[in-house]
Amino acid sequence: MKKTANLLVLPGDGIGKEVMLHGLHVLDKASKIFGFELSIEEDVIHGEAWKKFGTFCRDQTVITAKNADGVLVGAVGQISDETLPHSSNPEENDGLMRLRKELDVFVGLRPTVVSPHLLDELPYRAEISKGVDIIVLREMCGGVMFAEPRGIEVLSDVQKRGYDTTSYTTYEVERLAKVGFDLARRRKNHVVSVDKSNVMESGVLWREVVKQISEDFPDVELEHMYADNCSYQLAVNPGQFDVIISDNLFGDIISDQLGSLAGSLGMLPSASLPFFPKHGHPCSVGIFEPVHGSAPDIYGKNIANPVGMILSVALFIEYGLGGIEESNIIRKAVEKTFSKGIKTIDIGGNASSEKVTASILEEMSFEG
Ligand code: NAD
Ligand code: IPM
Ligand code: MN
């Protein structure tokens, strides 16, 4: 495991600022227990950056990010009733989207592991959710969220037309698919590739390229599934999935849906990487952030679930620093905390965010 960690920390907006504090407590403790030197630079992004600098992501922030070992993000987004300006360029319109594109972190790892200690609190029956361990590999830098042309044109005094383009090149699909099969080899050798090739040309190419790449991975079983059916299957029989690979938009939607299997969106972490490192090797520069957003409805109440952020710190230690066993110590500390019934409201408990984090920190020290 790498013994120095230069991190850019971007708390962002709303509960992003809250959960980041919890993530940093865990990171600080991790650096002491696992013996790595931590150096942190903090900056603003999105709403907070707009308020301070009139831009969602400064050039300086991108430069600092490119020179860091990793970027830790809380969450970005609208808070309260403030109105932020709109541009049809996604990189001008959203600080996080610019950072993802600038760092070319196309490998979006979004794992969901259902805790055995939460089975009675989940939206789904225990027998549906039990044992769920799925990783969504979401393409992060292409597709409809970035492709041109896009915009809103005025057709007449009373009519406008809003339009986007979905587009994927062979190169973009190939590089993601290869990661998907490599990832599957570290897990159960099973990939479900999601598309809408029945109605979308980009989906036809997606399926064709994934199939082609699969020929280099004969030991990995490949299944193609339409995105709408995948969503349904995740609700009725999630146990059939291990690695799901998908484009940017479907991956965004499916990863939130997995939040419902885990009990709350606040449970889920993510890592967005520029390449998939060899097992146990560090990868600079990835972005590590919970899957959830700024959650204006719960901001300021000390009830935000800090676990998605804390597990994102674990992903930084795993993929950013190459510390696999070390990252598992954090995951175990989360499980022990749940086993004691210490959990936030969204997953059926009554503990504050602070209480949950305090317990996780304590459990980490027992391991150390
Ligand atoms: P959201 O993820 O902020 O919230 C959706 C629901 O999940 C809300 O009910 C919220 O209370 C709940 N929730 C989210 N995180 C939680 C946590 N840690 N603990 C407990 N409950 C939690 O999504 P939204 O309301 O659709 O979007 C709000 C803003 O966030 C928007 O501006 C959106 O663009 C932005 N957003 C940002 C990110 C990101 O930074 N990666 C992700 C999603 C949405
Ligand atoms: C996510 C978010 C982002 C996305 C938004 C905030 C741009 O929903 O990280 O899942 O759409 O990717
Ligand atoms: Mn999302």
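Note that the coordinates shown come from a computational prediction; the quantities given were computed from them, not determined experimentally. (Residues numbered from 1 in each chain as written. Chains lettered and ligands numbered in written order. Predicted model: local features only at pLDDT ≥ 70, side-chain atom pairs only at ≥ 80, totals over all residues. Heavy atoms only, no water.)

## Some thoughts on the environment of L258
The line we're drawing: Every helix listed is a DSSP run of H or I at least four residues long, and every strand listed is a run of E at least two residues long, numbered separately from the N terminus. Partly exposed describes any residue whose relative accessible area lies between the buried limit of under 20% and the exposed limit of over 50%, with all areas from a 1.4 Å probe on protein chains only and scaled to the type maximum. The contact criterion used is simple: two residues touch if any of their non-hydrogen atoms lie within 4.5 Å.
Considering the arrangement of structural elements, one finds L258 in helix α10 (residues 248-262). Overall, L258 belongs to the buried group, its relative accessible area being 0%. Between the C-alpha atoms of L258 and V136, which are 122 residues apart in sequence, the distance is 9.1 Å. Filtering out sequence-adjacent residues up to four positions away, L258 remains in contact with T112, I134, V136, L234 and L268.

## Considering the domain arrangement of the chain
So the rule is basically this: An automatic or database domain assignment supplies the residue ranges for each domain. As used here, buried area is the combined drop in accessible area, with a 1.4 Å probe, of two parts when they are placed together. The term salt bridge refers to a side-chain nitrogen of Lys or Arg lying within 4 Å of a carboxyl oxygen of Asp or Glu.
Assigned domains within the chain: domain 1 (1-111 + 266-368) and domain 2 (123-132 + 143-262). Spacing between the C-alpha centres of domain 1 and domain 2 amounts to 24 Å. Tallying the contact residues gives 17 residues for domain 1 and 16 residues for domain 2. With both chains or domains summed, domain 1 and domain 2 bury close to 1600 Å², and 67% of this area falls on carbon and sulfur atoms. On the domain 1 side of the contact with domain 2, F106, L268 and F276 bury the most area, a combined 34% of that side's loss. One salt bridge connects D104 with R175, and the closest N-O pair in it is separated by 2.9 Å.

## Let's talk about the site of ligand 1
Applied cut-off: One heavy atom within 4 Å of a molecule or strand is enough for the residue carrying it to be called near that molecule or strand. Residues adjacent in sequence count toward polar contacts only when both atoms are side-chain atoms; beyond that, a polar contact is any pair of N or O atoms within 3.5 Å, and within protein one must be able to donate a hydrogen and the other to accept it. All accessible-area figures derive from a Shrake-Rupley calculation using a 1.4 Å probe, and residue coverage is judged against the displayed protein chains alone. Lys, Arg, Asp and Glu make up the charged group, whereas Ala, Val, Leu, Ile, Met, Phe, Trp, Tyr, Cys and Pro make up the nonpolar group; the residues left over, Gly among them, are polar.
Taken together, 20 residues surround ligand 1, and among them V76, Q78, G293, A295 and N305 come closest. G293 has a polar backbone atom sitting 2.7 Å from an oxygen atom of ligand 1. Look at ligand 1: alone it shows 800 Å² of surface, and the protein chains cover 66% of it. Here the shell around ligand 1 is built from residues that sort into 10 nonpolar, 7 polar and 3 charged.

## Section: the site of ligand 2
Lining the immediate surroundings of ligand 2 are D94, M97, R100, R110, R138, M145 and D252. Separating an oxygen atom of ligand 2 from a side-chain N or O atom of D252 is a distance of 2.9 Å. Its free accessible area being 320 Å², ligand 2 has 75% of it covered by the protein chains.

## Structural notes on the side chain of R175
With respect to the secondary-structure elements, R175 resides in helix α7 (residues 170-185). Owing to a relative accessible area of 15%, R175 belongs among the buried residues under this scheme. Side chain to side chain, R175 and D104 meet in a polar contact 2.9 Å long. If near-sequence neighbours (up to four positions away) are discounted, R175 is found in contact with D104, F106, E139 and C141.

## Observations concerning the nonpolar core
Rules: Buried residues of nine kinds, namely Ala, Val, Leu, Ile, Met, Phe, Trp, Tyr and Cys, make up a nonpolar core once their side-chain atoms join them within 4.5 Å.
Among the nonpolar cores identified, the biggest contains 90 residues, and L27, L72, L109, I317, I330 and I360 are the most heavily contacted of them. Looking at this core element by element, the count peaks at 10 residues for helix α11 (residues 307-320). Each of two domains, domain 1 (1-111 + 266-368) and domain 2 (123-132 + 143-262), supplies a minimum of three residues to this core. The residues touching I330, leaving out its near neighbours within four places in the chain, are V26, A30, I310, V313, A314, I317 and M364. Judged by nonpolar contacts, the second largest core, of 16 residues, contains C57, A68, V76 and V285.

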